[in-house]
Amino acid sequence: MRIQESGEMYLETILLLSQKSGHVRAIDVGEEMGYSKPSVSRAMGLLKSGGFIVVDADGAITLTDTGREIAEKIYARHTLLTKFLISLGVDEETASEDACKMEHSIGDASFAAIQKFAEEHNLL
């Protein structure tokens, strides 16, 4: 199943929240992302039916292996692209915002090329 950009954002947020506190609920995701309860509830339903998350009886959200793989990929892209843009002279806030936009649309080959270039030129 192909996941949309918004789904990737939710998965990345769940990953980061789980690293901070270990226990993630829909309300935590909504607060972090600034989304309403209905929006988060709908997204969690879609992610659950897509096999990206599991929600237990207490409402705790856990990433499946597939969900974790996608979240880690998106977060790694965000991190590298932010550092890359900062190394080019972009301020940190703008770099992070732009990386967030880029991380979802850049292809694997282009990202690999940026990563290789950054590593070869010690930009990270």
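Below you will find a few notes about this structure. (Residues numbered from 1 in each chain as written. Predicted model: local features only at pLDDT ≥ 70, side-chain atom pairs only at ≥ 80, totals over all residues. Heavy atoms only, no water.)

### Some points on the nonpolar core
Right, so step 1: Among the nonpolar cores identified, the biggest contains 20 residues, and Tyr10, Leu11, Ile14, Val29, Met44, Leu47 and Ile53 are the most heavily contacted of them.
Right, so step 2: Those elements that provide at least two residues to this core are helix H1 (5-21), helix H2 (26-33), helix H3 (37-49), strand S2 (61-63) and helix H4 (65-87).
Right, so step 3: When residues of this core are assigned to their parent elements, the largest contribution, five residues, is made by H1.
Right, so step 4: Not counting residues within four places of it along the chain, the set of residues in contact with leucine 47 comprises Ile3, Gly7, Tyr10, Leu11, Phe52 and Ile53.
Right, so step 5: Phe84, Phe111, Ile114 and Ala118 belong to the second largest nonpolar core, which has eight residues in total. (Core = buried A, V, L, I, M, F, W, Y, C linked by side-chain atoms within 4.5 Å. Buried < 20%, exposed > 50% of the residue type's maximum accessible area, 1.4 Å probe, protein only. Helix = DSSP H or I, 4+ residues; strand = E, 2+ residues; numbered from the N terminus. Contact = heavy atoms within 4.5 Å.)

### Points about the side chain of glutamate 103
Right, so step 1: Note that glutamate 103 resides in helix H5 (residues 92-105).
Right, so step 2: Buried and unpaired, glutamate 103 has no salt bridge, with arginine 77 as the nearest side chain of opposite charge at 8.4 Å.
Right, so step 3: Polar side-chain contacts of glutamate 103 include one of 2.6 Å to the side chain of histidine 78.
Right, so step 4: Here glutamate 103 is in contact with Met9, Glu12, Ile74, Arg77, His78 and Leu81, once residues within four sequence places are set aside. (Lys, Arg positive; Asp, Glu negative; His and termini not counted. Salt bridge = Lys/Arg side-chain N within 4 Å of Asp/Glu carboxyl O. Polar contact = N/O pair within 3.5 Å; in protein donor to acceptor, adjacent residues only side chain to side chain.)

### A closer look at the packing of aromatic side chains
Right, so step 1: Across all of its chains, the model carries two aromatic pairs by this definition.
Right, so step 2: For the pair tyrosine 10 and tyrosine 35, a centre-to-centre distance of 5.6 Å together with 55 degrees between the ring planes defines the contact as tilted. Of the two residues, tyrosine 10 sits in helix H1 while tyrosine 35 sits in the loop between H2 and H3, which places them 25 residues apart along the sequence.
Right, so step 3: According to the relative accessible area criterion, tyrosine 10 is buried, its value standing at 5%.
Right, so step 4: Over the ring of phenylalanine 111 we find arginine 77; its NZ or CZ atom is 5.1 Å from the centre of that ring. (Phe/Tyr/Trp six-rings, centres within 6.5 Å; stacked < 30°, edge-to-face > 60°. Lys NZ or Arg CZ within 6 Å of the ring centre and 35° of its normal.)

### A word on the environment of glycine 59
Right, so step 1: As for its position among the elements, glycine 59 is in the loop between strand S1 (53-55) and S2.
Right, so step 2: Measuring from C-alpha to C-alpha, the distance between glycine 59 and valine 40 comes to 13 Å, with 19 residues separating the pair along the chain.
Right, so step 3: If we skip the residues at most four places from it in the chain, glycine 59 touches Val24, Arg25 and Ala26.

### Overview of helix H6 (residues 108-120)
Right, so step 1: With 13 residues, H6 should cover 18 Å at 1.5 Å per step; its first-to-last C-alpha distance of 18 Å lies within 8% of that length.
Right, so step 2: Listed as buried for H6 are Phe111, Ile114 and Ala118. All buried residues of H6 project into a common sector of 60 degrees when viewed along the axis, lining one side. What points out from H6, more than 90 degrees from its buried face, is the exposed set Ala109, Lys116 and Glu120.
Right, so step 3: Where H6 is buried, its residues touch H4.
Right, so step 4: Positive phi shows up at asparagine 122, right after H6, with a value of about 50 degrees. (Expected span 1.5 Å × (residues − 1). Arc of directions from axis to C-beta.)

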